[in-house]
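Each chain, letter by letter, is given below.
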Amino acid sequence: MNQETLEGIPNTDVTTQAISVVRDNLPEWFRENLWLVIQTCIDHEDWSKRLVEVQRTNLLFTNDIVHDIMGLLNKDEHFLPRI
């Protein structure tokens, strides 16, 4: 992802890496949901950190990424992320 895409958005190295993980693993879904991905990664830095760590162990499942992003966006107090 170009730095221009994230210009003006308060992000960290972890959130930038997490956004890249989603982009690399789900390119079409990422394009369709770009701002949802960015919002989730920035608003939930602890989840972003876990996503980056799981990706490094090669135990990442793309359906878990989508499940977590959509669930975290809903802000349901009973939601349990898979990552």
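Worth saying up front: this structure is predicted, and the values here are computed from it rather than measured. (Residues numbered from 1 in each chain as written. Predicted model: local features only at pLDDT ≥ 70, side-chain atom pairs only at ≥ 80, totals over all residues. Heavy atoms only, no water.)

Turning our attention to the overall build of the protein. On a plain count of helices and strands, the protein comes out with 5 helices and 0 strands. Listed N to C, the secondary structure of the protein is α-α-α-α-α in terms of helices and strands. Computed over its C-alpha atoms, the radius of gyration of the protein comes to 12 Å, within 12% of the 12 Å expected for a compact globule of 83 residues. Within the protein, contacts between residues at least 6 apart in sequence are counted, and of these 59% link residues at least 24 apart. For the protein, the computed accessible surface area is about 5300 Å², with 49% contributed by carbon and sulfur atoms. With 7 positive and 14 negative side-chain charges, the protein shows a spacing of 4 Å between the two charge centroids. (Helix = DSSP H or I, 4+ residues; strand = E, 2+ residues; numbered from the N terminus. Rg over C-alpha atoms; globule rule 2.2 N^0.38 Å. Contact = heavy atoms within 4.5 Å. Areas by Shrake-Rupley, 256 points an atom, 1.4 Å probe, with all protein chains shown as cover. Lys, Arg positive; Asp, Glu negative; His and termini not counted. Charge placed at Lys NZ, Arg CZ, Asp CG, Glu CD.)

Let us look at the packing of helix α1 (residues 13-25) against helix α4 (residues 45-56). In the contact formed by α1 and α4, the axes pass within 8 Å of each other and the chain directions differ by 55°. Of the possible angle classes, the one that applies to α1 and α4 is oblique. In this structure, the crossing between α1 and α4 has a hand that is left-handed. Facing α1, whose interface residues are Val-14, Thr-15, Gln-17, Ala-18, Val-21 and Val-22, α4 presents Glu-45, Ser-48, Lys-49, Leu-51, Val-52, Gln-55 and Arg-56. Looking at the contact of α1 with α4 residue by residue, the classes come out as 6 nonpolar, 4 polar and 3 charged. (Axes fitted to C-alpha atoms, helices over the stretch in contact; angles between N-to-C directions. Parallel < 35°, antiparallel > 145°, perpendicular 65-115°, else oblique. Left-handed = near helix turned anticlockwise from the far one by under 90°. Nonpolar A, V, L, I, M, F, W, Y, C, P; charged D, E, K, R; others polar.)

Moving on to the nonpolar core. With 19 residues, the main nonpolar core has Val-22, Val-37, Trp-47, Leu-51, Ile-65 and Ile-69 as its most contacted residues. Secondary structure elements with two or more residues in this core: α1, α2 (27-32), α3 (34-43), α4 and α5 (62-74). Examining the composition of this core, we find that 4 residues originate from one element, α1, more than from any other. Leave out the neighbours within four places in its chain, and Ile-69 touches Val-22, Trp-29, Leu-36, Val-37, Thr-40 and Trp-47. (Core = buried A, V, L, I, M, F, W, Y, C linked by side-chain atoms within 4.5 Å. Buried < 20%, exposed > 50% of the residue type's maximum accessible area, 1.4 Å probe, protein only.)

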